[in-house]
Amino acid sequence: MNPNISVVHQGLTKVMGIFRASLRTQLNIILLLMMLLSFLASLWVNVSSVRGFLDAQLQAHAQDTATSLGLSLQPALLSGDEPALKATVNAIFDRGYFEKIRLLGVDGNLLYERSLAARPEAVPSWFIELFPLSAPVATTQINTGWTIGGVLSVQAHPGLAYRQLWLSALDSVHMTLALFCFALLAAYLLLRQVYKPIEAVVAQSEAVARREFILIEQQPRARELSSFVTAMNTMVIRLKGAFVDLNLIAEQAKKDAYEDVTTRLANRKAFDLRMQDVLDPGASDFGFLLLFRFELLKEFNLSRGYEAGDRILRALVDCITENAKKLPEAELFRFSGSEFVLLAPGVSEKTISACAEATLASLKKLDGLQQSAFGVKGLSVGISTFSAGQDYKRLLYNLDMVTLAAASEPGGIKLRAQTTPGQGASELKQVIEEIIQRPRMCVRLQAQAVESCTGLSLFGCDIYAAFVVNGVTYNTADVFAAAQAYGLAKQLDLAVLKSIALKAELVQKYGQGRLAFCLSQTSLHDADFVQQLAQLFEGQYQHYVVCVNEQAIISGLDSVSSALEKLRSLGFGICVNRFGSSTESLRYLAAVRPDFVRLDPVLTKNNDVLDHNKPLLTALIALARSMQIAVIAQRVEVIGEAERLKLLGVDGLQGFYIGRPEKI
């Protein structure tokens with residue numbers, strides 16, 4: 001390429017780069033150029049004006065001097081007194097205002113001449129070349145009576161004029177520069193007032209993208225900018241109204257389907273669906289069910305009225321809920337008119353027994369309940385274990401029987417334990433400690449792919465852990481439940497994460513999407529754990545997605561959202577599991593701002609369940625879409641379910657229909 005063309009092309013590229021810059025930069029550059037041109041033009045006009053004045057002054061001075069000196073030389077020239085003639089010329093010339101004085105005779109011969117070729121002092125040569133001053137020559141004829149005795153020419157010296165012009169130029173520079181700085185400051189302050197509402201609108205738009213609907217309180221004084229800000233505020237108010245309405249629709253759909261009107265708890269239908277999920281053979285849940293049965297409710301309603309009965313029911317619910325806060329991810333359901341079921345996954349027998357005793361102790365303090373209301377034919381609590389793969393009807397039968405037995409107990413509590421064969425509590429604790437010490441040998445990872453339905457970039461696979469210690473495979477749910485009971489959940493999570501971090505080939509194999517892994521609620525509440533997680537995946541954050549159950553987020557929104565925000569700032573993706581499982585408000589989404597949500601499998605269990613939950617699923621998907629959150633359906637096993645879910649608008653599918661878990 002021609003070098004000249006290359007230079008021109010580079011210059012044009014730089015110029016176009018300026019035009020593609022921000023509005024602030026463009027305005028600043030244009031304003032600076034305009035003010036700089038104004039400064040230079042003003043300076044040039046001032047100096048040129050002074051130069052013209054000095055040129056005229058030099059011409060007038062030379063002419064006046066020639067005329068007066070000619071008259072002074074007339075007697076000396078007439079008498080031929082050469083010394084007097086020279087003395088008169090020298091007296092005028094030595095004043096320093098002239099470059100040359102020349103006296104010629106009638107015949108043109110030189111009678112006398114004085115000249116000074118010195119350059120002006122303290123004036124830069126570049127200034128002299130930029131603003132040249134002419135040295136005018138004035139002539140006059142000297143009369144000696146009736147004849148011409150000689151011709152006198154006087155040329156003024158521009159040195160003093162240059163000096164005066166230079167000083168005048170300096171004064172103009174100082175004054176113009178002061179005005180330039182003042183104007184520049186005024187323009188900066190003015191543009192700052194213009195930028196402030198624009199920056200506020202940009203921040204407002206970014207907040208809307210995060211579903212944070214903030215208003216700009218300070219109105220700009222400029223009418224056009226004020227109209228602009230008012231229009232943006234109006235739009236944000238309408239968007240917030242639409243978002244709130246959509247949220248309310250989704251929440252109302254959930255309440256209509258799965259909420260008890262009196263107690264605001266999840267109803268029997270919600271409990272049935274939830275148990276189908278936790279008892280699924282492919283799940284890894286293990287824990288306890290507590291059935292609270294109030295036999296005297298009918299008698300209470302008849303003797304004191306239904307309003308009093310509703311009040312005592314709500315008091316019972318508040319008491320149970322308060323004590324259940326000690327259990328991670330616990331859920332309370334109204335099973336029937338006088339029965340409540342507490343689902344407590346991942347806790348130990350000691351913990352659940354203590355919770356039941358504390359709850360009954362609190363219930364005994366309620367106004368309106370006598371001590372005789374507990375135990376025989378009163379308020380009783382039956383406790384039974386559950387685990388994945390268990391028969392649901394058999395589980396309910398066992399729970400009913402143990403609650404009937406509890407009604408005959410003086411304390412009103414009865415526990416039916418169901419220990420996993422070959423995996424007692426002491427053995428599991430040793431197994432967990434072995435896993436924590438040797439994660440490379442004891443943790444077996446599996447990956448299940450996720451398929452995108454809409455072309456959105458989702459995570460490539462979900463990573464699960466299995467535990468093999470000394471050749472024996474242990475139930476994952478039992479291990480995590482025992483870890484929770486012994487306070488080792490964080491260490492176990494960290495052991496699994498170390499195994500994932502060591503599998504660098506996963507990133508290469510599933511390079512088209514991120515890798516997802518789940519964290520327990522206990523781990524997310526620990527700031528040190530979050531720091532260790534960040535160090536473990538340092539430099540690889542963008543390849544991973546952190547998944548958290550919806551119930552874990554709702555039960556500790558402040559601490560969990562803070563931890564997730566820190567992980568998001570590092571580059572991790574965020575996913576909410578079992579989306580739609582809770583009857584609580586969905587407004588936590590605005591605080592957590594996940595990238596993905598995975599629908600609760602209970603809502604998409606099979607085609608019949610899909611048809612029944614279609615209004616709720618439609619509302620949930622619409623809410624997620626309004627927040628630019630990708631929606632993924634889990635446990636999709638047949639083509640019919642996949643097609644229905646695609647029609648509902650999900651962004652991704654996961655399950656046996658898409659692909660079974662693969663050993664890593």
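As the structure is a computational prediction, the values presented were derived from the model and not from experiment. (Residues numbered from 1 in each chain as written. Predicted model: local features only at pLDDT ≥ 70, side-chain atom pairs only at ≥ 80, totals over all residues. Heavy atoms only, no water.)

### Focus on the overall build of the protein
Move 1: Looking only at helices and strands, the protein features 24 helices and 20 strands.
Move 2: With 664 residues in all, the protein has 45% of them scored as buried.
Move 3: Taking contacts inside the protein between residues at least 6 apart in sequence as the whole, the part at least 24 apart equals 70%.
Move 4: Accessible area for the protein stands at about 33800 Å²; split by element, carbon and sulfur atoms hold 56% of it. (Helix = DSSP H or I, 4+ residues; strand = E, 2+ residues; numbered from the N terminus. Buried < 20%, exposed > 50% of the residue type's maximum accessible area, 1.4 Å probe, protein only. Contact = heavy atoms within 4.5 Å. Areas by Shrake-Rupley, 256 points an atom, 1.4 Å probe, with all protein chains shown as cover.)

### Focus: the pattern of salt bridges
Move 1: Under the definition given, this model contains 19 salt bridges.
Move 2: The partner of Arg 598 in a salt bridge is Asp 462, with the nearest N and O atoms 2.4 Å apart. Separated by 136 residues along the polypeptide, Arg 598 in strand β17 (residues 596–599) and Asp 462 in strand β12 (residues 459–469) bring together distant segments of the chain. Grouping residues by exposure puts Arg 598 and Asp 462 together as buried. (Salt bridge = Lys/Arg side-chain N within 4 Å of Asp/Glu carboxyl O.)

### Description of the sheet that holds strand β1 (residues 98–104)
Move 1: Ordered by their spatial adjacency, 4 strands build an open sheet running β2-β1-β4-β3, and the pairing between neighbours is antiparallel. Bordering the open sheet on either side are β2 (110–115) and β3 (137–144), each of which pairs with just one other strand. Across this sheet, the average inter-strand angle for adjacent strands is 10 degrees, counted without regard to direction.
Move 2: Pairing analysis gives 6 bridges linking β1 to strand β4 (residues 147–156), with the strands arranged antiparallel. Each residue of the ladder has a partner; that of Arg 102, found in β4, is Ser 153. (Pairing = 2+ DSSP bridges. Axes fitted to C-alpha atoms, helices over the stretch in contact; angles between N-to-C directions.)

### Re unusual backbone geometry
Move 1: A positive phi is found at Asn 470, a non-glycine position, where the angle reads about 55 degrees.
Move 2: Its place among the elements puts Asn 470 in the loop between β12 and β13 (472–474).
Move 3: With a phi angle near 60 degrees, Gln 628 is a residue other than glycine that sits in the positive phi range.
Move 4: Structurally, the position occupied by Gln 628 is in the loop between α23 (614–626) and β18 (630–633).

### Observations concerning the packing of aromatic side chains
Here the distance between the centres and the angle between the planes together describe a pair of aromatic rings.
Move 1: Inspection of every chain in the model, using the stated rule, returns 13 aromatic pairs.
Move 2: Measuring from ring centre to ring centre gives 5.5 Å for Phe 271 and Phe 335, while their planes differ by 90 degrees; the resulting arrangement is edge-to-face. Here Phe 271 is found in helix α7 (residues 268–278), whereas its partner Phe 335 is found in strand β6 (residues 331–336), with 64 residues between them in sequence.
Move 3: Overall, the relative accessible area of 0% leaves Phe 271 in the buried class.
Move 4: Look at Phe 517 and Tyr 544: their rings are 6.1 Å apart centre to centre, the planes differ by 55 degrees, and that puts the pair in the tilted class. Residue Phe 517 is found in strand β14 (residues 514–518), and its partner Tyr 544 is found in strand β15 (residues 544–549); the two are separated by 27 residues along the sequence. Comparing Phe 517 with Tyr 544, the two get one shared label, buried.
Move 5: Following the ring pairs from residue to residue traces out a cluster consisting of Trp 44, Trp 126, Phe 127, Phe 131 and Trp 166. (Phe/Tyr/Trp six-rings, centres within 6.5 Å; stacked < 30°, edge-to-face > 60°.)

### Topic: the nonpolar core
Move 1: Membership of the largest hydrophobic core comes to 101 residues, with the highest contact counts inside it found for Ile 435 and Phe 517.
Move 2: For this core, the element with the most residues is α23, which contributes 7 residues.
Move 3: Among residues more than four places away in sequence, those in contact with Phe 517 are Asp 462, Ile 463, Leu 497, Ile 500, Leu 533, Phe 537, Tyr 544, Val 545, Val 546, Cys 547 and Phe 572.
Move 4: Counting residues in hydrophobic clusters, the runner-up holds 32 residues, among them Leu 54, Ile 101, Ala 156 and Tyr 162. (Core = buried A, V, L, I, M, F, W, Y, C linked by side-chain atoms within 4.5 Å.)

### Thoughts on a nonpolar patch on the surface
Move 1: The grouping of Trp 44, Trp 126 and Leu 130 at the surface amounts to a nonpolar patch, some 360 Å² of accessible area in total.
Move 2: If you trace the backbone, Leu 130 turns up in helix α4 (residues 125–130). (Patch = residues over 30% accessible without salt bridge, like charges linked within 9 Å, V, L, I, M, F, W, Y side chains within 5 Å.)

### Remarks on the pairing of β14
Move 1: Here 3 bridges tie β12 to β14, and the two strands are oriented parallel to one another. Looking at the pairing, Phe 459 lines up with Arg 514 of β14.
Move 2: Of the strand pairs in this sheet, β14 and β15 are connected by 4 bridges, and their pairing is parallel. The partner of Phe 517 across the bridge, within β15, is Val 546.

### As for the packing of helix α18 (residues 527–536) against helix α20 (residues 557–570)
Move 1: Running from amino to carboxyl end, α18 crosses α20 at an angle of 15 degrees, the nearest separation of the two axes being 10 Å. One element, α18, and the other, α20, form an angle in the roughly parallel class. When you trace α18 past α20, the crossing you get is right-handed. Residues Val 530, Gln 531, Leu 533 and Ala 534 of α18 form the contact with α20, whose own contacting residues are Ala 563, Lys 566, Leu 567 and Leu 570. (Parallel < 35°, antiparallel > 145°, perpendicular 65-115°, else oblique. Left-handed = near helix turned anticlockwise from the far one by under 90°.)

### Brief notes about helix α5 (residues 159–209)
Move 1: Given a rise of 1.5 Å per residue, 51 residues ought to cover 75 Å, and the 71 Å separating the end C-alpha atoms of α5 matches this to within 8%.
Move 2: A positive backbone phi angle near 65 degrees is found at Arg 211, which sits one or two residues after α5. (Expected span 1.5 Å × (residues − 1).)

### Details of the environment of Arg 211
Move 1: Positionally, Arg 211 belongs in the loop between α5 and α6 (223–258).
Move 2: Note on Arg 211: relative accessible area 16%, which makes it buried.
Move 3: Taking C-alpha positions, Arg 211 is 8.9 Å from Leu 589, a pair spaced 378 residues apart along the chain.
Move 4: Contacts of Arg 211, omitting those with residues within four sequence positions, involve Phe 243, Ala 590, Ser 626 and Met 627.

### What about the confidence of the model for the protein?
Move 1: Taken over all residues, the pLDDT of the protein has a mean of 79, while the share at 70 or more is 86%.
Move 2: Between residues 371–376, whose pLDDT stays under 50, and residues either more than four places distant or in other chains, the model counts 17 contacts.
Move 3: In the predicted structure, residues 417–423 sits below a pLDDT of 50 and forms 14 contacts with residues beyond four places in sequence or in another chain. (pLDDT = per-residue confidence, 0-100.)

### Brief notes about the packing of α7 against helix α11 (residues 392–407)
Move 1: Two elements in contact, α7 and α11, have axes whose closest approach is 11 Å; the angle formed by their N-to-C orientations is 120 degrees. Judged by the angle between their axes, α7 and α11 are oblique. Judged by the sense of rotation from one axis to the other, the crossing of α7 with α11 is right-handed. Counting all contacts with α7, which are made through Arg 268, Phe 271, Asp 272 and Met 275, the residues of α11 involved are Tyr 392, Leu 395 and Leu 396.
Move 2: In terms of residue class, the contact of α7 with α11 is built from 5 nonpolar, no polar and 2 charged. (Nonpolar A, V, L, I, M, F, W, Y, C, P; charged D, E, K, R; others polar.)

### Points about the pairing of strand β10 (residues 443–449)
Move 1: Summarising the sheet, β10 and β12 pair through 7 bridges and their orientation is antiparallel. Within β12, the residue paired with Arg 444 across the bridge is Ala 466.
Move 2: One ladder, built from 2 bridges, connects β10 with strand β20 (residues 662–663); its direction is antiparallel. Counterpart to Gln 446 in the pairing with β20 is Lys 663.

### Side note on the environment of Phe 537
Move 1: You can see Phe 537 is positioned in the loop between α18 and β15.
Move 2: Residue classification places Phe 537 among the buried residues on the basis of a relative accessible area of 2%.
Move 3: A sequence separation of 39 residues divides Phe 537 from Lys 498, and the C-alpha atoms of the two residues are 9.0 Å apart.

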